[in-house]
Amino acid sequence: MAEIAPISDKVTSYFYALLFTRHPDLRALFPAAMDTQRDRLLKALLTAVEHIDHTDTLVDYLRNLGRGHRKYGTQPEHYPAVGECLIGALSRYASSVWDDDTEAAWVRAYTTISQIMIDAAAEDELRAPAWWYAEVIAHDLRTPDIAVVTVRPDQPYPFLAGQYTSLETPWWPRIWRHYSFASAPRSDGLLSFHVKAVPAGWVSNALVHHARPGDVLRLGPPAGSMTVDHSTDSGLLCLGGGTGIAPIKALVEDVAEHGRRRPVEVFYGARTDHDLYDIDTMLRLQQSHPWLAVRPIVDNRAVQLPDVVREYGPWNEYDAYLSGPPGMIRSGVDALRDVGIPAGRIRHDSVEELVAAGDQLA
Ligand SMILES: NC(=O)C1=CN([C@@H]2O[C@H](COP(=O)(O)OP(=O)(O)OC[C@H]3O[C@@H](n4cnc5c(N)ncnc54)[C@H](O)[C@@H]3O)[C@@H](O)[C@H]2O)C=CC1
C-alpha cells in the first residue's frame, strides 16, 4: 500500500476508466459527477489496511460498508468485476513492485474483503430495506445557512441515539452525505437533522435552501458507534462543535429516557453567539434535567472549545463524546487524554468519514 498512496490519483482514474469500459452497465450505480466518488474506493482500502491488525474493527467496518452499499444497488456479481479492474489498475501503476506473489496477496485480500461485505449485505436484506424514502415534514431555517430538517420515513427506521445516516436529495441523485440524527428515537417515528450549507456543498445547499415540506429524500441505514453505554453510571462529557451538537442532543435525550441519573456535561462551541443556533433547546433540556449542565463556548482568539474543558473536571470518571469538525475532534481527543480520560473511553465518529463527507462537499 505504501507504493500505492503516492500514485493513488492515477490508479483511481485508470480503475474507473477500466470499470466503465468493461462494464458500462455499472456506470448507472455511480453519481453523474465523479469528483467526490473518485477517492472513496482507495480511501476505503487504505482504511481497511490501516485496521488490518484489529480484526474486529476491520470486520465491523467492512460489514457496515457492505450494508451501506445496498442503497447503491450493488449486487454480489459486481464485486469480482470491481476486483479485476482494481487489480488491473494496481498492476499497471505499481509495475515496479508487482509480481505473481503481490497479485496473489491482493486477490486474497480483495476476496476476503468482498466476501465480508457480500455476507453482511445478504444478512441485512433479510431484515431491512436497502434504503428508506423520507418525506420532509418541517424545515426550520435557524440561521441564514443552518436548517433543522424533520422527515417522516416511509417505514419504521430503527437506530440508536448518537448514530448517523446517509442521505440523498432528489436534486443530486446518487450523491450521499452523512448526517447525525439530532434526536433520540421518537415515538412518532420522525427523524431530524441539522444541516449547515457549506460553500460548494451540493447536498447541504439543497437541504438548506431548496428542501421544503413535501420533498422526498432517501436515507441509507444507520451507522456509527458513538452511542451511550447504558450498562454503567459513568458521567458523560460531551463536546459539540457547530452542527456537531446534533448527535450530542440525541445522547442527552437518550440518557433522559433511560431515567438513570448520571451527570452529563455538555460543552457547546460555536464561532459566534449567532452560530449557537440550538442553544435554546439545550438550555430547555438543562432546565428539565438537574443532572445536565450545558456550557456555551464562543470562540475567541485564544480559546476554542477543547481548551475550556481543561478548566473544569475532574473528568477521570467520565466517558467522553466528541462531535464536530475534524480539527475539533483531533484537538479534543488530545485535550481529553491530557485531562486523564483513557482513549478507550473517548468516542467520536470516524475522522476519515468526516473528511470524506468534507466541509467542501457536505
Ligand atoms: N450536521 C451533523 O449532523 C454533524 C456534523 N458534524 C460535523 O460538524 C462540523 C460542523 O461544522 P460547523 O458548524 O461549520 O463548525 P465550525 O467550523 O463552526 O466549528 C464549531 C466549533 O468547533 C470548534 N473547533 C473548530 N475547529 C477547531 C479546531 N481545529 N480545534 C479546536 N476546536 C475547533 C470551535 O469551538 C468552533 O466554534 C462539520 O465538519 C460536520 O461534518 C459532526 C457530526 C454531526
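Residues numbered from 1 in each chain as written. Predicted model: local features only at pLDDT ≥ 70, side-chain atom pairs only at ≥ 80, totals over all residues. Heavy atoms only, no water.

K.L.:
What should I look at first to understand the nonpolar core in this one?
P.N.:
Inside soluble globular proteins, nonpolar side chains tend to come together where they are buried. Ile 4, Phe 15, Tyr 16, Leu 19, Leu 62, Leu 90 and Trp 106 are the most contacted members of the largest nonpolar core, which totals 33 residues. Mapped onto this core, the elements with two or more residues apiece are helix H1 (8-22), helix H2 (35-50), helix H3 (55-69), helix H4 (78-93) and helix H5 (100-125). Element by element, the count of residues in this core is highest for H4, at eight residues. (Core = buried A, V, L, I, M, F, W, Y, C linked by side-chain atoms within 4.5 Å. Buried < 20%, exposed > 50% of the residue type's maximum accessible area, 1.4 Å probe, protein only. Helix = DSSP H or I, 4+ residues; strand = E, 2+ residues; numbered from the N terminus.)

K.L.:
Explanation requested: the site of the ligand in the structure shown.
P.N.:
Surrounding the ligand, one finds 25 residues, the nearest of these being His 194, Lys 196, Ala 270, Arg 271 and Asp 299. Note that an oxygen atom of the ligand is positioned 3.1 Å from one of the backbone N or O atoms of Thr 243. Within the contact set of the ligand, an oxygen atom lies 2.5 Å away from a side-chain nitrogen or oxygen of Arg 271. For the ligand, whose unbound accessible area comes to 860 Å², protein coverage reaches 84%. Secondary-structure elements contributing two or more residues to the shell around the ligand are strand E4 (176-180), strand E5 (191-196), strand E8 (264-270), helix H9 (305-309) and helix H10 (326-338). Of the residues forming the shell around the ligand, the biggest block, four residues, is contributed by H10. A breakdown of the residues in the shell around the ligand according to their chemical character gives nine nonpolar, twelve polar and four charged. (Near = heavy atom within 4 Å. Polar contact = N/O pair within 3.5 Å; in protein donor to acceptor, adjacent residues only side chain to side chain. Areas by Shrake-Rupley, 256 points an atom, 1.4 Å probe, with all protein chains shown as cover. Nonpolar A, V, L, I, M, F, W, Y, C, P; charged D, E, K, R; others polar.)

K.L.:
Just checking my understanding: could you explain the pattern of salt bridges for this structure?
P.N.:
Oppositely charged side chains are able to pair whenever their charged atoms sit close together. All told, the structure shown has twelve salt bridges when counted by the stated rule. Put simply, Asp 140 and Arg 142 hold a salt bridge, and the shortest N to O gap is 2.8 Å. Owing to a relative accessible area of 36%, Asp 140 belongs among the partly exposed residues under this scheme. A relative accessible area of 31% places Arg 142 in the partly exposed class. As a salt-bridge pair, Arg 218 and Glu 168 come within 2.6 Å of each other at their nearest N and O atoms. In this pair, Arg 218 sits in strand E6 (residues 216-219) while Glu 168 sits in strand E3 (residues 164-168), placing the two residues 50 residues apart along the sequence. Each member of the pair, Arg 218 together with Glu 168, is buried. Residues participating in the shared-partner salt-bridge network are Arg 70, Asp 124 and Arg 127. (Salt bridge = Lys/Arg side-chain N within 4 Å of Asp/Glu carboxyl O.)

K.L.:
Quick question: what am I supposed to make of the UniProt feature "domain: FAD-binding FR-type" (unreviewed entry) in the protein here?
P.N.:
Per the UniProt entry, the sites bearing "domain: FAD-binding FR-type" (unreviewed entry) are residues 129-229 in this numbering. This span, residues 129-229, is 9% helix and 40% strand, and a straight line between its end C-alpha atoms measures 27 Å. (UniProt positions renumbered as here; feature names shortened; annotations may be inferred.)

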